Every structure is written in C-alpha cells, then in structure tokens.
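# Inside the fold
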Amino acid sequence: MPRVLLIEDDRAVREGVQLALRRQGHDVAATATGEDGLGRLRSYGADVVVLDLMLPGMSGLEVCRLIRADDNQVPIIMATARGDDVDIVVGLEAGADDYVVKPVQARVLEARIRALLRRVGASPDGGGLPKVETYGELTIDRTALTVSSKGAPVALAPSELRLLLTLSASPGQVFSRQQLLEAVWEHNYHADARLVDACVKRLRTKMGEPPGQPRYVHTVRGFGYQFKDAR
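Residues numbered from 1 in each chain as written. Predicted model: local features only at pLDDT ≥ 70, side-chain atom pairs only at ≥ 80, totals over all residues. Heavy atoms only, no water.

## Quick look at the sheet that holds strand β2 (residues 27-31)
Remark on secondary structure: sheet strands pair via backbone hydrogen bonds, oriented parallel or antiparallel. As a reminder of what qualifies: Two strands make a pair as long as DSSP finds a minimum of two bridges between them. Working definition: helices are DSSP H or I runs of at least four residues, strands are E runs of at least two. Numbering for both runs from the N terminus. Angles run from 0 to 180 degrees between N-to-C directions of axes, and those axes are lines fitted to C-alpha atoms, restricted for helices to the stretch in contact.
Spatially, 5 strands are ordered β2-β1-β3-β4-β5 in an open sheet, and the strand pairing comes out parallel. Taken across any chain shown, the strands that pair with only one partner, and hence form the sheet edges, are β2 and β5 (98-101). Strand after strand, the sheet turns through a mean of 20 degrees between neighbouring axes, direction not considered. The pairing of strand β4 (residues 76-80) with β5 spans 4 bridges and is classified as parallel.

Printed below as a string of structure tokens:
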C-alpha cells in the first residue's frame, strides 16, 4: 500500500485529501506544520510527500529544501494555493518533483501520485547503450540508478534522475519540452513546461555545470534540450 505523507495546515483540506487518498488505497499520514512533517517523515517514512507551499512557521519551501538537503530521495508534490508562476517555479527549484494547484482535485492528485510512483525505480531502456555509461567526468549506472561526477556520488531527486536517464539514452537527440513532459512526468499539458526548465536547472547545478556553460545538458533555443557527450 503506497504511503503518502500529507503536510497541510488547513484542517478541512487536510481531512478531505486524506479521505480521498485513503479511498484510493493509500496509507496516509497527515500533519499540519512543516516541523511535524519533517519529524513524521523520519519516523513514518513515505513513498510520496504532498507538501503545501504556504505553511505557518516553517514554510513549505524550507521543508522542501531540508528534505532534499538530507539527500532524501522521496518524491515531493508541492501544493500551491495560486497558479502563480513565481510561486510554482520557486517551489520546483527548491526540489519539488511536481505540483498541483489548490483547491486540489482528488483525481488530479491521485494521477500525479501514481505517475511518480511508476517513475521511481524505472529506467528508460537506453537502446543499445551499456548499463554503465561514462561521459567525460560523468558516470551513469542504469542498473543501480546512480550517477557520479569525478567519482563522487551525485544525489538526484526522482525527476532529476529520470530526466537525465531519458536525455542520455539518446545522446545528440533533441527533445522538445512536450516530449520530456510526457516521458518524464507523464503530463500532456503544455503549460507545465516550467517543470522541465526548473528540473534542468537543478540537474545542471548538481552535476557541477557552470551557469551558462552546460557540458552535458544543452538548450536548443526555441525547442528543448539535448544531451551531449562531453569527452
């Protein structure tokens, strides 16, 4: 039974979402504050965290950053009360894997959770590529689902890993944002292209790419991204 940790301060929303997810077969633990949520994550564990952006005390952004700083690879879905691009992008850049806009529709949240759970641990085929690939200082192990740079592990969130695996499975191929949305997030709504851009930014940072000087994940202006072998 998938375990979901819900961190939401609005009691009515919290109870409604909790009930809806339980009806869908999830084991749900719910807390009202970020501090309690972090403690519950350590004791309860979770397959997915649904995190409200606007929390009293410790904000959802701070909670997200602390989870990621702890190298916790649990997928995070951020819930924002507004479809504000700034709020969404800031949340995604803090480490969230996906987002939903409140009021949350149970069917939308359930679909996002199921998509995340399907992606965790699933690696793109990579065609005839070896299971361990080396590109310059970057090593990708498709069997162990690990990435290292200069021999040091690179801790990637689920969406970051999936994006890198997808791009590197076809070096040189240009992927549109829409293609990446469908392959990595299983979305087909074009406005969610910001998911791709924010994830690429995080991925480049974690791989140690200097700002404006990508070595592996390159922007194809007006279209999307491609992976290049930086040997």
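Now that the structure has been shown, we can carry on.
## What about the packing of helix α6 (residues 158-168) against helix α7 (residues 177-185)?
Rules: When describing relative orientation, an angle under 35 degrees is termed roughly parallel and one over 145 degrees roughly antiparallel, while 65 to 115 degrees is termed roughly perpendicular and anything else oblique. Here a crossing is taken to be left-handed if its near helix is turned anticlockwise relative to the far helix by less than a right angle, and right-handed if that turn runs clockwise. In what follows, a contact means two residues having at least one pair of non-hydrogen atoms within 4.5 Å.
Here α6 crosses α7 at 120 degrees, and the two axes come no closer than 10 Å. Considered as vectors, α6 and α7 are oriented oblique to each other. As for how α6 packs across α7, the hand of that crossing is right-handed. Across from S159, R162, L163, T166 and L167 in α6, the residues of α7 making contact are L180, A183, V184 and W185.

## Some points on the sheet that holds strand β12 (residues 224-227)
Read from one edge to the other, the open sheet built from 3 strands follows the order β10-β12-β11, with strand pairing classed as antiparallel. One side of each edge strand has no neighbouring strand; the edge strands of this open sheet are β10 (174-176) and β11 (217-220). The mean angle between the axes of side-by-side strands here comes to 35 degrees, regardless of whether they run parallel or antiparallel. With 3 bridges connecting them, β10 and β12 associate as antiparallel partners.

## Notes on the state of the cysteines
This is how it is decided: A pair of cysteine sulfur atoms is labelled a disulfide when the two atoms are within 2.5 Å. Remark: exposure states derive from per-residue accessible area (1.4 Å probe, protein chains only) relative to the maximum for the residue type, with buried under 20%, exposed over 50%, and partly exposed in between.
Applying the stated criterion to the full structure yields 0 disulfides. Considering cysteine sulfurs only, C199 is the nearest to C64, which forms no disulfide, with 12 Å between them. Using a relative accessible area of 3% as the deciding quantity, one classes C64 as buried.

## Thoughts on the side chain of E8
On the secondary structure map, E8 appears in the loop between β1 (3-7) and α1 (11-23). The exposure class assigned to E8 is buried, which follows from its relative accessible area of 3%. In this structure, E8 is in contact with V13, R14, T31, A32, D52, L55 and K102, ignoring residues within four places of it in sequence.

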